[in-house]
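Secondary and tertiary structure notes
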Amino acid sequence: MSYGALFIGNGGQVQIDDNYPCYMEVASGNYDGSSGTVTVTYPTAINSPNPPAIFIRPDGAHVLRYMRNLGSPGNWTGWTAVLYTDSGFTGIVRTGQYKAAALYLPRTGGYGLQVFDSSNRLLFDSNRRVLTILAGAQTWSKVGYNGNYQSNWTTDTWGNAYVAGSYVMASHFMAGFVAPPNSAEIGIGFLNGTAKSQINVFAMRVGRGLPEITTFNWPLVMVN
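A short tour of the structure in this document, coming up. The residue numbering used here restarts from 1 in each chain and proceeds along that chain's sequence as written. Only residues with pLDDT of 70 or above have their local features reported here, since the model is predicted, and side-chain atom pairs are shown and tallied only from 80 upward, although totals for entire chains, interfaces and linings are computed over all residues. Neither water nor hydrogens contribute to the side-chain values; these are computed over all heavy atoms in the structure.

1. Looking at the pattern of salt bridges
Once the charged atoms of two side chains with opposite charge are near each other, the side chains can pair. For clarity, the threshold we go by: The term salt bridge refers to a side-chain nitrogen of Lys or Arg lying within 4 Å of a carboxyl oxygen of Asp or Glu. Helical segments are the DSSP runs of H or I of at least four residues, strand segments are the runs of E of at least two, and each set is numbered from the N terminus. A simple rule labels every residue: compare its accessible area, found with a 1.4 Å probe on the protein chains alone, to the largest value its type can have, and call it buried under 20%, exposed over 50%, or partly exposed in between.
Inspection of the entire model under this criterion finds seven salt bridges. Measuring nitrogen to oxygen at the nearest pair gives 2.9 Å for the salt bridge that ties Arg129 to Glu25. Highlighted residues: Arg129 in the loop between β10 (122–125) and β11 (133–137) and Glu25 in strand β3 (residues 24–32), separated in sequence by 104 residues. The exposure class of Glu25 is buried, given its relative accessible area of 19%.

2. Details of the sheet that holds β11
The strands that make up a sheet are held in pairs by hydrogen bonds between backbone atoms, and each pair lies either parallel or antiparallel. Basically, it comes down to this: The pairing criterion for strands is at least two bridges between them, as found by DSSP. For helices, the axis comes from a line fit to the C-alpha atoms of the stretch in contact; other axes are also lines fit to C-alpha atoms, and the angle between any two N-to-C directions lies between 0 and 180 degrees.
Taken in spatial order, the six strands of this open sheet run β3-β8-β5-β14-β18-β11, and their pairing is antiparallel. Lying at the two open borders of the sheet, with one neighbouring strand each, are β3 and β11. Ignoring which end each strand starts from, the neighbouring axes of this sheet average 25° apart. Pairing of strand β14 (residues 167–169) with strand β18 (residues 220–223) involves two bridges; the strand directions are antiparallel. Paired with Val168 across the two strands is Met222, which belongs to β18.

3. So, the pairing of β18
Both faces of β18 are covered, namely the face carrying Leu220 and Met222 and the face carrying Val221 and Val223. Relative to β18, β11 runs antiparallel, the two being bridged by four bridges. Bridging across to β18, Gly136 finds its partner in Val221.

4. Examining the packing of aromatic side chains
We count it as follows: Centre distance within 6.5 Å is the pairing criterion for rings of Phe, Tyr and Trp, where only the six-membered ring of Trp is used; planes under 30 degrees apart are then read as stacked, over 60 as edge-to-face, and the remainder as tilted.
The tally for this structure, following the rule as stated, stands at 15 aromatic pairs. Aromatic pair Phe177 and Trp218: ring centres 6.1 Å apart, planes at 75°, arrangement edge-to-face. Of this pair, Phe177 sits in strand β15 (residues 177–179) while Trp218 is found in the loop between β17 (198–206) and β18, placing the two residues 41 residues apart along the sequence. Grouping residues by exposure puts Phe177 and Trp218 together as buried.

Any link to function would need more than the numbers given here.
If you want it as structure tokens, here you go:
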């Protein structure tokens, strides 16, 4: 840190400084994937140069995949995703809640504290709600493999403990997971929407009896 403000938490972790932006909540609401597709439009476009991060809290069992931000830099208007369920899921509900958070937002007026970096970009604003990370993980535990899913698919499933009531980052599940010799369609959500004790990644590949994918290292982030 060369100048500015520095805030350190009880555990010695840096909360705010002049180098790293905070994810600030800019939109929240409900989503409905009853048609198989989720499309969310923000009440007001998000003026950030970077795509917003989308966090979800499913009401029951389903996974979201192929997430896409709608809009363009400085004018993000919403997001879309494909909602997938299967008869093997427990407690299927095709709705949920979301939160969108963004970086480098325009400054607000009124009283409070604002922190900027050397390029005059807003890193923290006390007039906006900053998301708090409740838990996270870099690796997932393997919990399932099926080489004959619906007669023509191979599936792999991983899981992590879920913090009750938290929102899970889902916007980095925007593309397929490359698993040579082909790619997998992946999604994140609950496979058991009744217990909601475990958040899952569900991967599907075309073909029967494909080699098992043993490791999956896309990050898990849960916030309030």
